[in-house]
Every structure is written in C-alpha cells, then in structure tokens.
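# Structural overview
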Amino acid sequence: MSSPIASTRFSFLDRSRTREGHDGPQALRDTVALAREVESLGYHRFWVSEHHSVPGVAGSAPTVLAAAVAAATSAIRVGTGGVMLPNHQPLVVAEQFGVLASLFPGRIDMGLGRSVGFTDGVRRALGHGKEDAEDFPGRLTELLGWIDGTQQAHPQVHAARRRACASPPTSWRSARARRWRPPPDSLSSSVICAAGRRCSAPSRCTAGTSAPRPARSAPR
C-alpha cells in the first residue's frame, strides 16, 4: 500500500518578496526562476499574489505575473492566490483570464479574494473602501456571468468566449440564487478555475487575504 503523501499533489504560493540587497524587479524575476525550479521538482501548481504598497512585497499584478510564469514553464498549473475582486471590474477579470486560458490551455487557475487594501491610503488610491468587500458575492456572480455568457445586465457586451475557458459547473452557477457562501469542502476558498472547475485550493479568500492554509488534501 502506497503512502497517502506519495499521491498528494503540492502547490506553491510566492508573494515575490524582496530580499536584502535586491529590488522589486529582481524579486519578480526571482519568482519566475522559482517557478521553473518548482516545476522541475514536480509541484502541481504555482500561485502568485496581489499586494499593493506592502513593504517588501513586489507582487502587485497577479495576472501579468502569472502570464510571465506560464510562459517560462511548460506543464505546471499557474494561478492567482488571489486576484482581489473588489479592486477590479469583473468583466476585465473575465477577459484577462480568458486570454491566459487561451494562451496556456488547461494550465490556468483563477483564485479570488475580497481584500480592498490593508491601509486607508491604499484603499483610497484604489478607489475603494472597506465596505466594498461586502459586495464580493455580487461581483462573483457577475464574474461568473461573464465567464459562462449568461450575464444580462449589459446587453450586447460580452467577454470573448474561448474554447479553453469553459463554463463553471452548475454548483457554482446556482449560487446566484442566494447569497454566496464558500462550499464546505473548499477550505473557505472562493477559487474557480479558468478551465471551468471549482478548486479546493487552500486560499483564505473570504477572510480578505490570499495567504494559503496548509492543505488538508491535494488540490483538485
């Protein structure tokens, strides 16, 4: 009988921390280099994060960095841990991940959070307040509408449908009929895959942070 740990798939989250004697650009290049190393070690997924004006953290544009990581690797899944949805228009997020899924089919995961910045100054610069985090369920519903093509609030406007970005499963779409809550088996995550699957990746999205918890089981 094989050990459960032998079949466990591990993922890696990098925040692009700046080290002493290095600047932000070097930290971003180090993230890309780290992704290559992580892939060579057999990890299943590599995540990048979104932090604004956090001392010592260079990762502020996760979709851009995810594109660089995916381009520098060949097989590892690449995702965001996570995109802070209150900071972005859902249509733009759907389009960005649609492009990523088209360029790197079968490899892109969309991880979402609801943080709006960790200081008043950051929140003002982003044009949001703490209360905007409370609209996360509504923004998630709108995002899912753009992804599966069912949104009706903006007639004749659509996020380009791409073969590599399939519709989310019914369990996600049915959440529109009620106030959204994370599925009980998702470790309090609000993570959906650009490939249309729900991930049980360990992200504290509903707590307003993208830092992962130790996984109790392998991400699916």
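Residues numbered from 1 in each chain as written. Predicted model: local features only at pLDDT ≥ 70, side-chain atom pairs only at ≥ 80, totals over all residues. Heavy atoms only, no water.

## Looking at the packing of aromatic side chains
As a reminder, the rule being used: Stacked, tilted and edge-to-face are the three classes applied to pairs of Phe, Tyr and Trp rings, where Trp contributes its six-membered ring and a pair requires centres within 6.5 Å; stacked means planes under 30 degrees apart, edge-to-face means over 60, and tilted covers the rest. To qualify as a helix, a DSSP run of H or I must reach at least 4 residues; to qualify as a strand, a run of E must reach at least 2; elements of each kind are numbered from the N terminus. To sort residues, take the accessible area from a 1.4 Å probe on protein chains only and compare it with the maximum for the residue type: under 20% means buried, over 50% means exposed, and anything in between is partly exposed.
Counting across every chain of the model gives 2 aromatic pairs. Taking the centre distance of 5.8 Å and the plane angle of 75° together, the rings of F12 and Y43 count as edge-to-face. In this pair, F12 is assigned in strand β1 (residues 11–14) and Y43 in the loop between α1 (24–40) and β2 (45–48), connecting sequence segments 31 residues apart. Its relative accessible area of 26% is what places F12 among the partly exposed residues. Consider the rings of F12 and F46, whose centres lie 5.8 Å apart with planes at 5°: the pair is stacked. Taken together, the positions of F12 in strand β1 and F46 in strand β2 put the pair 34 residues apart, joining distant regions of the chain.

## So, helix α5 (residues 136–148)
Since the α-helix packs 3.6 residues into each turn, any two residues three or four apart lie on the same face. Which entries qualify depends on this criterion: Expected span of a helix, by definition, is 1.5 Å for each gap between consecutive residues, and there is one gap fewer than residues.
Relative to the 18 Å expected for 13 residues at 1.5 Å per residue, α5 spans 18 Å between its end C-alpha atoms, a close match to the ideal helical length. Of all the 13 residues making up α5, 10 are buried; the element is thus mostly covered by neighbouring parts of the structure. Of all the residues in α5, the buried ones are F136, P137, R139, L140, L143, L144, G145, W146, I147 and D148. Within two residues after α5, G149 carries a phi angle of roughly 75°, on the positive side.

## Here's the deal with the pattern of salt bridges
To keep things clear, this is the line we draw: For this document, the term salt bridge refers to a Lys or Arg side-chain nitrogen within 4 Å of an Asp or Glu carboxyl oxygen.
Evaluation of the coordinates by the stated rule reveals 6 salt bridges. One salt bridge connects R123 with D120, and the closest N-O pair in it is separated by 2.4 Å. Linking R123 with D120, this pair stays in helix α4 (residues 120–126), spanning 3 residues, or about one helical turn. R139 is paired through a salt bridge with D135; the nearest N and O atoms lie 4.0 Å apart. The class of R139 is buried, set by a relative accessible area of 14%. Here the salt bridges share partners, and the residues they tie into one network are R45, R77 and D109.

## Some points on the packing of helix α3 (residues 90–103) against α5
Note the cut-off: An axis is simply a line fitted to the C-alpha atoms; with a helix, the fit covers only the stretch in contact. Between two such axes, the angle follows the N-to-C directions and lies from 0 to 180 degrees. Orientation is classified from the angle alone, with under 35 degrees giving roughly parallel, over 145 giving roughly antiparallel, 65 to 115 giving roughly perpendicular, and any other angle giving oblique. Crossing chirality is assigned from the near helix's rotation relative to the far helix, an anticlockwise turn below a right angle marking it left-handed and a clockwise turn marking it right-handed. Whether two residues touch is decided by their heavy atoms; if any such pair falls within 4.5 Å, the residues are in contact.
In the contact formed by α3 and α5, the axes pass within 8 Å of each other and the chain directions differ by 45°. Classed by the angle they form, the pair α3 and α5 counts as oblique. Here α3 runs over α5; the crossing is right-handed. Along its contact with α3, which presents P90, L91, V93 and A94, the element α5 presents R139, E142, L143, W146 and I147.

## Examining the side chain of E50
Defined as follows: We count Lys and Arg on the positive side and Asp and Glu on the negative side, and we leave His and both chain ends out. The term polar contact refers here to a pair of N or O atoms within 3.5 Å; inside protein, the definition further demands a hydrogen-donor-capable atom paired with an acceptor-capable atom, and it admits residues adjacent in sequence only when both atoms are side-chain atoms.
Here E50 is to be found in the loop between β2 and α2 (62–72). It turns out E50 is buried and unbridged, and the closest side chain with the opposite charge, R139, is 11 Å from it. A distance of 2.7 Å separates a polar atom in the side chain of E50 from a polar atom in the side chain of H52. Among the polar contacts listed, one links the side chain of E50 to the side chain of H88, at a separation of 3.1 Å.

## Observations concerning the confidence of the model for the protein chain
Put simply, the rule reads: pLDDT: the predictor's confidence for each residue, scored from 0 to 100.
On average, residues of the protein chain score 78 in pLDDT, and 71% of them reach the 70 mark or higher. Confidence drops under pLDDT 50 across residues 163–220; counting only partners more than four residues distant or on other chains, this segment forms 142 contacts.

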